[in-house]
Amino acid sequence: MKTMKKAKKILMAFAGIVIVLSCVLIPFKVTCEDNNTIVVGVPADRCPIFYIDKKSNDITGIGVDLMVYAAKKAGYNVTFKVIQEKSLKDALDNPEYDLLMPFGSAVDSSSGKASIVSDNLMQTPFTLVTKGNSILPSLNSLHVGMLSSLAAGAETVKNIYPGMEISFYENMADCVKALRNGEVDALLHNSYVWSYILQKPAYKDLSVQPAAMFSMDFRVGTLDDPKGQELIAKLNNGIGEIDDTKRQAIILDHTSRKLYQYDLSDYLYQYGMFMLAGALIAVLLAIFVIQRIRMVRKWHEQKMQQMMDHDSLTGLLSMNGFRKRVEELLHKYPDTPYFLSYNNIRDFKFINDSLGREAGDELLKFWAAKSMENLSKEYEAIGRTEGDHFVVLRRIKNDENMTDDVEKVFTPVENYFINQGKDHRVKIISGIYVLTPKDFRKIDVDHMLDLARVAERRIRDNRKSDHEFYNPEQWQKGKRIAEIINYLPSAIEAGDIQVWYQPQIDYAKKKIIGAEALCRWDHTKLGWLYPFDFISTLEEAGLIYDLDSFVWERVCQDLDRWNKQGYRRSVSVNVSRDDIQEGRDICAHFLELIHKYDLSAEQLHIEITETAYVENPAYLIETTEKLRTSGFQVEMDDFGSGYSSLHMLKDVPIDRIKLDLHFLTESGDLEKSRTIVSSMIQMINQLNMEMIAEGVETVEQADFLLSKGCYEMQGYYFHKPMPVQDLEALLEKEK
Ligand code: C2E
Ligand code: MG
Ligand code: MG
């Protein structure tokens, strides 16, 4: 127990000693380090005096090496810190630095504290640099540029050359700019720094002025206080130990070892053109490569698309391609009558089984080739959807359509094997769907093909015929439309379309006062056609303007002839609502015509149907106003057939109303009709508008109209529409 207590005492005593020792020794160690390591603030933008070594990232240079050597000799370790302040004078006020470099002589700090400097570490040559080899005035009257961080050194210079004017710049680039601009006569800097900087290719135009060289001291400085005085005093001992050989060795080391290092701007300056050319070539190359890649990609895409859109065996379109092409054609030719057929070889499997697959393929290729020969690529399309199923979009022309296909395609295909001496006749069956106007508005190729297929199945089931229509009535309609549309141009050319005239009468005076031009078509295939047979078809096909332009011109020719014969007559012409559309100036068209045939505008009465005003009132009213201003008489045709007859009259600027008796009397109570007609006449008269009643068929009607105040009339009761010669004969008789 005693020994235990003793050991405890010894342990506690030992711990006490350790604590005491550590309390004494640790602060001692810190003090020793503090005393021996000094922080020296230096610039870093002054190669080779002070600069950052790119490899080690340490501050180095002549100034650093000299300082390290001197400090070591004085018993100090040195840590260098890059001065962040604008000038040495500012840095003097920062207590983080023990010492600062480089000083030429002692200067006051920015806050006015005095400084103390060491002995001279080396004599630094200062040199002036000018633009080219300009001759300088004396140093005392020079305007020189210096780095603002050299402000302290500048004070020394000022002491030596009081007459010298010094301007400061933030960096060397600004100094050079000022020199080049003529702001300063020369730049002043350490010769060692010049020897480094002037290697920069962009400064080729600057030259050193060796004659204007002078020396400046290179000293260490700090605030003139006890601590500073002690540091400087000790350091001076170290400086004293730098002999000339050591000094020269350090200078040589940095001036010969430290060659100027090119930065990006130097490379750009030196090799700019090459680099630019290189970059240009690289860019062009890149563009070329990208284009090439795009082209190849596009080519691949097209190839893929081609493959998807085409059938590899026959070269015809695939289902995908056919669908696209049909959509395209129906958009492009919305007024062309078309049919779609779904064709198929009866018992094709038997051909493959008995004659071989290859023979089957050859037959399909032959069929494809024959079909292509007989097809308009611009308007029509053919595709193979699968096996022996061919789908075709063709225009309806006439009945010859079918016989043509049979002769040129089906018969050769059917005889394909027989012509090769094989005893097998091929049979093609076709289901046909005739497109309706609805199919153009909402294009659904698959649906149309389904309907064609329904017809094709009917043949398969009854085995009687080889082609069948899904909608035969539409085929008849389509054929008729085709016959009207396709024949129009040649009919105009051949004179098959004629202009007939129906006289207009003043019933009170019993005298012909004018005529309405009405067209008639002596169709090569369909015989005599009346406007109701073809006007709406031409309107739907967008061809009515062609017909009307022809009729108007013919009327003008007749008027011209009558004018020349001494009869100034006037004629009413019909204008379709489709003739009046934005982008087409029909007023200009009529003006051109009367100019061409030397007519006066009032000889042409322009009839626009009442319903047209209901559909597009604004544009029609505008056109009507234009026509009237140009002198044409505008008439509202078929008054009574539309829906807004009455109240419209106040807005529409027209000259004469054509009261259509047919619409007003065709059905219902005769008495009521009479009341309506007489009220209308009364109203039109009250509105002070002219009127003519058309469709007058009986003397009773004529007398009734007259009794109610309507004098002008047109109708079968007086005359039916007649060819121009008959009208001329009639007018001759009336004279
Ligand atoms: P519309 O302009 O109202 O022409 C009058 C129609 O009534 C004519 O028929 C005429 O023959 C017929 N008509 C005349 N008097 C009587 C009668 O007493 N009783 C009956 N039941 N009918 C009579 P058309 O020539 O067949 O013309 C029909 C329509 O076709 C015209 O109606 C007109 O809207 C249009 N039309 C005629 N020629 C042309 C033309 O060259 N261009 C345009 N765009 N349309 C025309
Ligand atoms: Mg008319
Ligand atoms: Mg009419």
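The rules we used
Residues numbered from 1 in each chain as written. Chains lettered and ligands numbered in written order. Predicted model: local features only at pLDDT ≥ 70, side-chain atom pairs only at ≥ 80, totals over all residues. Heavy atoms only, no water. Helix = DSSP H or I, 4+ residues; strand = E, 2+ residues; numbered from the N terminus. Rg over C-alpha atoms; globule rule 2.2 N^0.38 Å. Buried < 20%, exposed > 50% of the residue type's maximum accessible area, 1.4 Å probe, protein only. Contact = heavy atoms within 4.5 Å. Areas by Shrake-Rupley, 256 points an atom, 1.4 Å probe, with all protein chains shown as cover. Lys, Arg positive; Asp, Glu negative; His and termini not counted. Charge placed at Lys NZ, Arg CZ, Asp CG, Glu CD. Near = heavy atom within 4 Å. Polar contact = N/O pair within 3.5 Å; in protein donor to acceptor, adjacent residues only side chain to side chain. Nonpolar A, V, L, I, M, F, W, Y, C, P; charged D, E, K, R; others polar. Donors = N, O, S within 2.8 Å, 3.2 Å for Na, K, Ca; no water. Domains from an automatic or database assignment. Disulfide = S-S within 2.5 Å. pLDDT = per-residue confidence, 0-100. Core = buried A, V, L, I, M, F, W, Y, C linked by side-chain atoms within 4.5 Å. Patch = residues over 30% accessible without salt bridge, like charges linked within 9 Å, V, L, I, M, F, W, Y side chains within 5 Å. Salt bridge = Lys/Arg side-chain N within 4 Å of Asp/Glu carboxyl O. Pairing = 2+ DSSP bridges. Expected span 1.5 Å × (residues − 1). Arc of directions from axis to C-beta. Axes fitted to C-alpha atoms, helices over the stretch in contact; angles between N-to-C directions. Parallel < 35°, antiparallel > 145°, perpendicular 65-115°, else oblique.

Moving on, we come to the overall build of the protein. Tallying secondary structure elements over the protein gives 26 helices and 27 strands in all. Here the C-alpha atoms of the protein give a radius of gyration of 55 Å, more than 25% beyond the 27 Å that 2.2 N^0.38 yields for 735 residues. The C-alpha extent of the protein, read off along each of the three principal axes, is 150 × 85 × 80 Å. Taking all 735 residues of the protein together, 47% fall into the buried category. Excluding contacts between residues fewer than 6 apart, the proportion of contacts in the protein whose partners are at least 24 apart in sequence is 68%. Of the roughly 38600 Å² that the protein leaves accessible, carbon and sulfur atoms contribute 55%. Within the protein, the 107 negative side-chain charges are centred at a point lying 9 Å from the centre of the 87 positive side-chain charges.

As a further point, take the environment of L547. Within the secondary structure layout, L547 lies in helix α18 (residues 544–565). Measuring from C-alpha to C-alpha, the distance between L547 and M713 comes to 27 Å, with 166 residues separating the pair along the chain. Discounting residues that sit within four places of it in the chain, L547 has contacts with L488, I492, I497, C519, F534, I535 and L538.

Let us look at the site of ligand 1. Taken together, 22 residues surround ligand 1, and among them E516, D548, D637, E697 and Y716 come closest. Within the side chain of E694, one N or O atom sits 3.4 Å away from an oxygen atom of ligand 1. At 2.7 Å from a nitrogen atom of ligand 1 is found a side-chain nitrogen or oxygen belonging to E697. For ligand 1, the accessible surface in isolation is 790 Å², of which the surrounding protein chains cover 86%. At the level of secondary structure, the elements contributing two or more residues to the shell around ligand 1 comprise β19 (511–523), α17 (531–540), α18 and β23 (633–639). Considering every element that reaches the shell around ligand 1, the biggest residue donor is β19, with four residues. Residues belonging to the shell around ligand 1 are distributed by class as follows: nine nonpolar, five polar and eight charged.

Take the coordination of the magnesium ion (ligand 3) next. Six octahedral donors around a metal ideally subtend angles of 90 or 180 degrees, whereas four tetrahedral donors ideally subtend 109.5 degrees. For the magnesium ion (ligand 3), the full set of protein donor atoms is D637 (OD), D638 (OD) and E694 (OE), at a range of 2.1 to 2.3 Å. On the primary sequence, the residues serving as donors to the magnesium ion (ligand 3) are separated as D-D-x55-E. A gap of 3.8 Å separates the magnesium ion (ligand 3) and the magnesium ion (ligand 2), which D637 links by coordinating each metal.

Under the domain assignment, the protein is made up of domain 1 (2–33), domain 2 (38–261), domain 3 (265–304), domain 4 (309–479) and domain 5 (495–734). For domain 2 versus domain 4, the distance between C-alpha centres works out to 98 Å.

Right, let's talk about the state of the cysteines for a bit. Within the structure shown, the criterion is met by zero disulfides. Free cysteine C47: the closest other cysteine sulfur is in C175, separated by 16 Å. You can call C47 buried: its relative accessible area is 9%. Note on C519: no disulfide assigned, nearest cysteine sulfur contributed by C556 at a separation of 15 Å. Judged by relative accessible area, C519 falls into the buried class, the value being 8%.

The next subject is the coordination of the magnesium ion (ligand 2). Looking at the metal site, the magnesium ion (ligand 2) is ligated by E516 (OE), N574 (OD1), E607 (OE) and D637 (OD), spaced 2.0 to 2.3 Å from it. Here the donor residues of the magnesium ion (ligand 2) share one chain and are spaced in sequence as E-x57-N-x32-E-x29-D.

Regions with low pLDDT carry predicted coordinates that are not meant to be interpreted in detail. Across the protein, the average pLDDT comes to 87, with 92% of residues at 70 or higher. This stretch, residues 10–33, has a pLDDT under 50; its non-local contacts, to residues over four places away or in other chains, come to two contacts.

To continue, consider the nonpolar core. Formed by 79 residues in total, the largest nonpolar core has its most connected members in Y501, V555 and F590. Ranked by residue count, the leading element in this core is α18, at ten residues. The residues contacting F590, other than those within four sequence positions of it, are W552, V573, V575, L604, I606, L627 and F632. Core analysis: the next-biggest nonpolar cluster, separate from the first, contains 65 residues, M67, L121, M164 and I239 among them.

Our focus in this paragraph is a nonpolar patch on the surface. There is a patch of nonpolar side chains on the surface, built from Y262, L264, Y267, L268, Y271, F274 and M275 and spanning about 720 Å² of accessible area. Relative to the helices and strands, Y262 resides in the loop between α8 (244–257) and α9 (264–309). By relative accessible area, which is 30% here, Y262 ends up partly exposed.

Taken in spatial order, the three strands of this open sheet run β2-β3-β4, and their pairing is antiparallel. Among the strands making up the open sheet, the edge pair consists of β2 (45–46) and β4 (59–60).

A separate point is the environment of D53. Here D53 is to be found in the loop between β3 (50–52) and β4. Among the polar contacts made by the side chain of D53, one reaches the main-chain amide nitrogen of K55 at a distance of 2.9 Å.

Moving on, we come to the pattern of salt bridges. This structure, assessed with the given rule, holds 33 salt bridges. D466 serves as the salt-bridge partner of K427, at 3.9 Å between the closest nitrogen and oxygen. Of the two residues, K427 is situated in the loop between α13 (400–414) and β16 (428–434) and D466 in the loop between α15 (445–462) and β17 (467–469); the sequence distance between them amounts to 39 residues. Here K626 makes a salt bridge to D585, at a shortest N to O gap of 3.4 Å. Taken together, the positions of K626 in helix α21 (residues 617–629) and D585 in the loop between β21 (571–575) and α19 (586–596) put the pair 41 residues apart, joining distant regions of the chain. A residue is classified by how much of its surface remains accessible, and D585, at 38% relative accessible area, is partly exposed. Salt bridges sharing partners connect three or more residues here, namely E516, E607, K658 and E694.

Its location among the elements puts E712 in strand β26 (residues 712–714). A polar contact of 2.6 Å, which involves the side chain of E712, links it to the side chain of R656. Ignoring anything within four residues of it in the chain, the contact list for E712 reads I505, I513, R656, M691, I692 and A693.

At 3.6 residues per turn, the α-helix brings residues three or four places apart onto the same side. Taking 1.5 Å of rise per residue, 18 residues should cover 26 Å, and α15 covers 26 Å from first to last C-alpha, within 8% of that figure. Among the residues of α15, those classed as buried are V445, M448, L449, L451, A452, A455, E456 and I459. What you see down the axis of α15 is that its buried residues fit within an arc of 160 degrees, all on one side. Packed against the buried residues of α15 are α10 (319–332), β13 (338–345), β15 (389–395), β16, α14 (437–441) and β17.

Contact pair helix α16 (residues 472–494) / α17: the axes reach a minimum separation of 10 Å and the direction vectors enclose 75 degrees. As judged from the angle between their axes, α16 and α17 are roughly perpendicular. From α16, R480, I481, I484, I485 and L488 reach across to α17, where they touch D533, F534, T537 and L538. Here the residues of the contact of α16 with α17 are counted per class, giving six nonpolar, one polar and two charged.

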